[in-house]
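# What the coordinates show
Below, each chain spelled out in residue letters.
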Amino acid sequence: MHFLVNVVAFKIGWASSVFGAANNLPSLGPLVVLMAILLHLYFARDPSREFVLIVIAGAIGAMYDSLLLSAGWVSYPTGVIIAGMAPYWMIGMWMLFATTLNMAMRWFHSNLWLAALLGGLLGPMSYYIGSRIGAVTFVDYPKALIALAIGWAALMPVLLLLARRFDGVTGQLEESRI
């Protein structure tokens, strides 16, 4: 049951974030994301471990998307509080994404190469869909797509290794070599 809740909560959080940002309601997404995170933590066997993973993923996402923004490859119409910093709704989406790493995307734990490949393909696709909706603009389209493909291909395995280390879903402690 938690698996289905996880997938549905992610989809609703993603849509709320992207459509909210595109329609000048950037706070809508983070409110829904907060509810999804709380729901995820409620179902987790060790919520504190999952919470650490969520915060770390948010920090990684903030740095990565801020880099894309500062490089001038993307821009965001709403939610940017500090110039050059990723919008708060986007950071929330990274945190939301982290809720899937030990649940809906658990099957990637044993296949990091496939995760890198799919991350390199599906990560940019997600941003592209967001751009079509109006939540993000590709200022330098080729560089943005290349950076997104490389970034997501590299970050997916990193996030999954972190998910293994901070797995609060199964409640099992795994000693990691991160």
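Just above sits the structure.
Procedures and definitions
- Residues numbered from 1 in each chain as written.
- Predicted model: local features only at pLDDT ≥ 70, side-chain atom pairs only at ≥ 80, totals over all residues.
- Heavy atoms only, no water.
- Helix = DSSP H or I, 4+ residues; strand = E, 2+ residues; numbered from the N terminus.
- Buried < 20%, exposed > 50% of the residue type's maximum accessible area, 1.4 Å probe, protein only.
- Polar contact = N/O pair within 3.5 Å; in protein donor to acceptor, adjacent residues only side chain to side chain.
- Phe/Tyr/Trp six-rings, centres within 6.5 Å; stacked < 30°, edge-to-face > 60°.
- Expected span 1.5 Å × (residues − 1).
- Core = buried A, V, L, I, M, F, W, Y, C linked by side-chain atoms within 4.5 Å.
- Contact = heavy atoms within 4.5 Å.
- Bend = angle between axes of the 7 residues up to and from the residue.
- Salt bridge = Lys/Arg side-chain N within 4 Å of Asp/Glu carboxyl O.

## Quick look at the environment of Asn23
The residue Asn23 is located in the loop between helix H1 (2-22) and helix H2 (28-43) in this model. For Asn23, a relative accessible area of 49% gives the class partly exposed. A distance of 2.7 Å separates a polar atom in the side chain of Asn23 from the backbone oxygen of Phe19.

## Focus on the packing of aromatic side chains
Tallying each qualifying case throughout the model produces eight aromatic pairs. Each ring, one from Trp94 and one from Trp152, has its centre 4.7 Å from the other, and the planes form 15°; the classification is stacked. Here the residue Trp94 occupies a position in helix H4 (residues 88-101), and Trp152 occupies one in helix H6 (residues 141-165), the gap between them amounting to 58 residues. With relative accessibility at 8%, the residue Trp152 sits in the buried group. Taken together, a centroid distance of 5.4 Å and an interplanar angle of 90° make the contact between Phe97 and Trp152 edge-to-face.

## Observations concerning H4
Helix length check: H4, at 14 residues, gives a terminal C-alpha distance of 21 Å against a target of 20 Å (1.5 Å per residue), a fit within 8%. When you tally the buried positions in H4, you get 12 out of 14 residues, the bulk of the element.

## Details of the nonpolar core
Tyr64, Tyr76, Phe97, Leu101, Tyr127, Trp152 and Met156 are the most contacted members of the largest nonpolar core, which totals 44 residues. Ranked by the residues each element gives to this core, the list is headed by H6, at 10 residues. Setting aside residues up to four positions removed in sequence, Met156 forms contacts with Phe97, Met105, Phe108, Ala115, Ala116 and Gly119.

## A closer look at helix H5 (residues 112-133)
If you check H5, its first and last C-alpha atoms are 30 Å apart, about what 22 residues at 1.5 Å a residue would give, namely 32 Å. The largest bend in H5 amounts to roughly 30° and is located at Gly119. Regarding H5, the residues found buried are Ala115, Ala116, Gly119, Gly120, Gly123, Pro124, Tyr127, Gly130 and Ser131. At its buried positions, H5 is contacted by H1, helix H3 (47-70), H4, strand E2 (137-138) and H6. Taken from the residues just after H5, Gly134 is the one with a positive phi, measuring 110°.

## Here we look at the pattern of salt bridges
A complete count under the given rule lists two salt bridges for this structure. Here Arg106 and Asp167 are joined by a salt bridge, their closest N and O atoms 2.3 Å apart. On the criterion of sequence distance, the pair formed by Arg106 in the loop between H4 and H5 and Asp167 in the segment after H6 is long-range, its members being 61 residues apart. The class of Asp167 is buried, set by a relative accessible area of 4%. Among the salt bridges present, the one from Asp140 reaches Lys143, with a minimum N-O distance of 3.9 Å. For Asp140, a relative accessible area of 25% puts it in the partly exposed group. Take Lys143: its relative accessible area is 45%, and that puts it in the partly exposed class.

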